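Structural characterization, general
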Amino acid sequence: VEVYKTLPRPRLGSRCWVRTHTRRYIKATFNDVVDFRDCTALSAGRLLCMSIAYSEEGVTEWLQPMFAALVKFYSGRADASGDLQVTRTFDCVCKLLGSFLDPLSYWEQLRDALTDASVTLQLAQRVASIRVLTLCLEGSVEALLSVSPPDPTLGLGHLQDVIPDLICALHSTDLLLAPSDESRRALWSLLFAFLEPLQEHLSFTQISKLLFVTLALSSKASPELAVTSVDTNLRDLQVEEEELSDPDLLRRALASLGAHASVQDRKVPEFSLDSLDDDVPVLPSLEASSDPRVVHQGLFGKAFAEVLAHLDDSFPVFRSVLYVSPLSVLTSSDHAPAVLAKLECFSTTGSRAVRTACQSLGVHLSLRCARFL
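Under an unreviewed UniProt entry, the name given to the protein chain is Dynein axonemal assembly factor 5 HEAT-repeat domain-containing protein, and the organism recorded is Noctiluca scintillans.

Encoded structure:
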């Protein structure tokens, strides 16, 4: 028996036969997807896998009820049961959909999970929709990267009409304001589904938006401090540690954004005695050993203004921005006034917990500056 490392495409006759008879059982299969019995859900998932592999783009006819069943699966008891075999089977179903369908087809069906139009959906349904979207996107990316021989003119392929809208939706979604653990994991997965494999095809405007998304996902919520008086605030004020959510994912995302952001670091002149006679003093450049954030200086230097402009009233994101940004960017003449204005705004108009955390953040920033005096 010949064993294929990669299964070949089914023959034309079998594909036509399955596509003709799929409509006889496909709707009944959707009911078994959300069955509480794992064996029934597993059988339904396997049948869907084979049906999609043979029908290919023909499953577009049942796309809406199929996504409804998949969202119910990932948000219901079927996924909560913890059966890895069942979960992997339906992950394969979603990736097959992404491989065979036009990305615009499934994006139109699932985009409401990221937009304001999703107010009718519960959080679990939104997270499940994002999870399905992520898997479909991974399937589309795998299909794009499987083109052989590689075509440098292909670019984003059919994803060209989806990726820009997806980045804008990620940048403006309300899920970034106070993400739960589930939504944070789902958004991280969605980000990495296209960031690393397609980073060379992204524009710098898109990189700037993804930088904001990355910082928002890595920010922790402000602690609700129980304080009784201003004196207690000042007495118990401590320098806040650089607490970030998922720091490993943050470093991974920053590495991808910085590597292909198409930015060139400005060369800082070396410090010399001759510069003492100049009107504007030139400070020696910081080494990466003294400030590890220097490696991302080029990225933050050009994207910082846009990131700061979209902070609005989100103090956790602002705190994350100050933690991750290089000191030379924060203290530059272009950005220092805006940073100080934001600090003043949060320290005067925020809640008591936010004002206290803002004071602690100011102390933290002052100590960072004092290290290099």
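In this section: the overall build of the protein chain. In terms of regular secondary structure, the protein chain is built from 18 helices and 0 strands. Burial analysis of the protein chain (373 residues in total) assigns 44% to the buried set. Restricting to contacts in the protein chain with at least 6 residues of sequence separation, those with at least 24 account for 79%. When the accessible surface of the protein chain is summed, it comes to about 20200 Å², and 54% of that surface belongs to carbon and sulfur atoms.

Our focus in this paragraph is the packing of aromatic side chains. Under the counting rule described, the total for this entry stands at 5 aromatic pairs. Both rings, one in phenylalanine 315 and one in phenylalanine 346, keep their centres 5.4 Å apart while their planes meet at 70 degrees; by these two values the pair is edge-to-face. With a gap of 31 residues between them, phenylalanine 315 in helix 15 (residues 315-324) and phenylalanine 346 in helix 17 (residues 336-349) connect regions that are remote in the sequence. Among the aromatic residues, those joined into a ring-pair cluster are Phe73, Tyr74 and Phe90. Here arginine 252 stacks its cationic end above the ring of phenylalanine 192, 4.0 Å away from the centre of that ring.

On to the environment of tyrosine 25, then. Assignment of secondary structure puts tyrosine 25 in the loop between helix 1 (12-21) and helix 2 (26-33). For the pair formed by tyrosine 25 and leucine 47, sequence separation is 22 residues and the distance between their alpha carbons is 9.8 Å. Residues contacting tyrosine 25, with those up to four places away along its chain left out, are Val18, Leu47 and Ser51. At 2.8 Å, the side chain of tyrosine 25 forms a polar contact with the side chain of serine 51.

A separate point is the packing of helix 10 (residues 181-198) against helix 13 (residues 247-259). Running from N to C, helix 10 and helix 13 point in directions that differ by 30 degrees, and their axes come no closer than 11 Å. The pairing of helix 10 with helix 13 is recorded here as roughly parallel in orientation. Relative to helix 13, helix 10 is oriented so that their crossing is left-handed. Residue-level contacts link Trp188, Phe192, Leu195 and Glu196 of helix 10 to Leu249, Leu250, Arg252, Ala253, Ser256 and Leu257 of helix 13. Along the lines of polarity and charge, the residues of the contact of helix 10 with helix 13 split into 7 nonpolar, 1 polar and 2 charged.

What follows is about unusual backbone geometry. The omega angle of the peptide bond from serine 148 to proline 149 is -5 degrees, so this bond is cis rather than trans. Mapped onto the fold, proline 149 is located in the loop between helix 8 (123-145) and helix 9 (163-172). In this structure, glutamate 56 is a non-glycine residue whose phi angle is positive, near 55 degrees. Of note, glutamate 56 is situated in the loop between helix 3 (38-55) and helix 4 (63-75).

When two helices pack together, you describe them by how their axes are tilted relative to each other and by the distance separating the axes. Running from N to C, helix 6 (residues 84-100) and helix 8 point in directions that differ by 55 degrees, and their axes come no closer than 7 Å. The orientation of helix 6 relative to helix 8 falls into the category oblique. In this structure, the crossing between helix 6 and helix 8 has a hand that is right-handed. Across the interface between the two elements, Thr87, Asp91, Cys94, Lys95, Leu97, Gly98 and Ser99 of helix 6 pack against Arg131, Val132, Leu135, Cys136, Glu138, Gly139, Ser140, Glu142 and Ala143 of helix 8. In terms of residue class, the contact of helix 6 with helix 8 is built from 6 nonpolar, 5 polar and 5 charged.

Moving on: the nonpolar core. In this structure, Leu114, Ile163 and Phe194 are the most contacted members of the largest nonpolar core, which totals 100 residues. Beyond its immediate chain neighbours, meaning those up to four positions away, leucine 114 contacts Trp107, Arg126, Ile130, Leu133, Leu166, Ala169, Leu170, Thr173, Asp174, Leu187 and Leu190.

Right, let's get into the state of the cysteines. Counting across every chain of the model gives 0 disulfides. Cysteine cysteine 92 remains unbridged, with the sulfur of cysteine 49 as its closest cysteine sulfur at 4.0 Å. Judged by relative accessible area, cysteine 92 falls into the partly exposed class, the value being 36%. Cysteine cysteine 345 is unpaired, with the sulfur of cysteine 358 as its nearest cysteine sulfur at 8.9 Å. Accessibility expressed as a relative area gives 32% for cysteine 345, which makes it partly exposed.

Now for helix 15. Burial analysis of helix 15 places 10 of its 10 residues in the buried class, the great majority of the element. Those residues of helix 15 that are buried lie in contact with helix 11 (204-218), helix 13, helix 14 (297-309), helix 16 (327-330), helix 17 and helix 18 (352-370).

About the cut-offs
- Residues numbered from 1 in each chain as written.
- Predicted model: local features only at pLDDT ≥ 70, side-chain atom pairs only at ≥ 80, totals over all residues.
- Heavy atoms only, no water.
- Helix = DSSP H or I, 4+ residues; strand = E, 2+ residues; numbered from the N terminus.
- Buried < 20%, exposed > 50% of the residue type's maximum accessible area, 1.4 Å probe, protein only.
- Contact = heavy atoms within 4.5 Å.
- Areas by Shrake-Rupley, 256 points an atom, 1.4 Å probe, with all protein chains shown as cover.
- Phe/Tyr/Trp six-rings, centres within 6.5 Å; stacked < 30°, edge-to-face > 60°.
- Lys NZ or Arg CZ within 6 Å of the ring centre and 35° of its normal.
- Polar contact = N/O pair within 3.5 Å; in protein donor to acceptor, adjacent residues only side chain to side chain.
- Axes fitted to C-alpha atoms, helices over the stretch in contact; angles between N-to-C directions.
- Parallel < 35°, antiparallel > 145°, perpendicular 65-115°, else oblique.
- Left-handed = near helix turned anticlockwise from the far one by under 90°.
- Nonpolar A, V, L, I, M, F, W, Y, C, P; charged D, E, K, R; others polar.
- Core = buried A, V, L, I, M, F, W, Y, C linked by side-chain atoms within 4.5 Å.
- Disulfide = S-S within 2.5 Å.

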